Amino acid sequence: MNKYIINASSRKISIKYLSMLYSYDAGAVVSFTGIVRKINNKKIVNYIFYDIFKILFYSLLKEKCASLLKNENNHLKILVIQRIGILKIGEINLLIGVS
């Protein structure tokens, strides 16, 4: 695996992607999983639509990852997956992992 993976996709996100961070060099994987919730501002949510400005998304995250990797040891790995498009309640919209 590269030192970092950044992706924006309309495909469903699975927490199984975190297995890409598993390594004998790292003692743990820390993750954040964003999920589309049912209620927002006391209103029922049927779905949500995510869109991104891809050039900015990739350039900012690559810059941030490179900065973190420069200051850390060689074993650090980073995963960022952002879902785009229409998402239903309960679907994962963001997955971030670091090992």
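Preceding this section is the structure that the text describes.
For the structure given in this document, a descriptive report is provided here. No experiment lies behind these values; they were computed from the predicted model shown.

What counts as what
Residues numbered from 1 in each chain as written. Predicted model: local features only at pLDDT ≥ 70, side-chain atom pairs only at ≥ 80, totals over all residues. Heavy atoms only, no water. Helix = DSSP H or I, 4+ residues; strand = E, 2+ residues; numbered from the N terminus. Buried < 20%, exposed > 50% of the residue type's maximum accessible area, 1.4 Å probe, protein only. Contact = heavy atoms within 4.5 Å. Core = buried A, V, L, I, M, F, W, Y, C linked by side-chain atoms within 4.5 Å. Pairing = 2+ DSSP bridges. Axes fitted to C-alpha atoms, helices over the stretch in contact; angles between N-to-C directions. Patch = residues over 30% accessible without salt bridge, like charges linked within 9 Å, V, L, I, M, F, W, Y side chains within 5 Å. Areas by Shrake-Rupley, 256 points an atom, 1.4 Å probe, with all protein chains shown as cover. Salt bridge = Lys/Arg side-chain N within 4 Å of Asp/Glu carboxyl O. Expected span 1.5 Å × (residues − 1). Arc of directions from axis to C-beta.

When helices and strands are tallied, the protein shows one helix and eight strands. Reading the helices (α) and strands (β) of the protein from amino to carboxyl end gives β-β-β-β-β-α-β-β-β. Overall size of the protein, expressed as C-alpha extent along the three principal axes, is 45 × 30 × 25 Å. Counting the 99 residues in the protein, one finds 30% classified as buried. Taking contacts inside the protein between residues at least 6 apart in sequence as the whole, the part at least 24 apart equals 75%.

Judged by nonpolar contacts, Ile 6, Ala 8, Phe 57, Cys 65, Leu 69, Leu 76, Ile 78, Val 80, Ile 84 and Leu 94 together constitute the single largest core of ten residues. Elements with a minimum of two residues in this core: β1 (4-9), α1 (54-71) and β6 (78-83). For Leu 69, the contacting residues outside a window of four places in its chain are Lys 3, Tyr 4, Leu 76 and Ile 78. Counting seven residues, the second largest nonpolar core, distinct from the first, contains Leu 18, Leu 79, Ile 81 and Leu 95.

Ordered in space as β1-β6-β8-β2, the four strands form an open sheet in which the pairing is mixed. At either margin of the open sheet sits one strand with a lone partner, and together these are β1 and β2 (30-35). With direction set aside, neighbouring strand axes in the sheet form an average angle of 5 degrees. Here β1 pairs with β6 via six bridges, running parallel. From the neighbouring strand, Ile 6 faces β6, where its bridge partner is Val 80. Its contacts with the sheet place α1 against β1 and β6, and it is angled at close to 160 degrees to β1.

On to a nonpolar patch on the surface. Where nonpolar side chains cluster on the molecular surface, the patch consists of Phe 53, Ile 55, Leu 56 and Leu 60 and spans about 440 Å² of accessible area. You can see Ile 55 is positioned in helix α1.

Structurally, Arg 11 can be placed in the loop between β1 and β2. Arg 11 sits 73 residues away from Ile 84 along the chain, and the two C-alpha atoms are 8.1 Å apart.

In this section: α1. Here α1 spans 26 Å end to end across 18 residues, near enough to the 26 Å set by a 1.5 Å rise per residue. Regarding α1, the residues found buried are Phe 57, Cys 65 and Leu 69. Along the axis of α1, the buried residues cluster in a sector spanning 75 degrees; they form a single face. Residues of α1 that are exposed and point more than 90 degrees away from the buried face comprise Ile 55, Glu 63, Lys 64, Lys 70 and Asn 71.

Geometric values such as these leave the question of function open.
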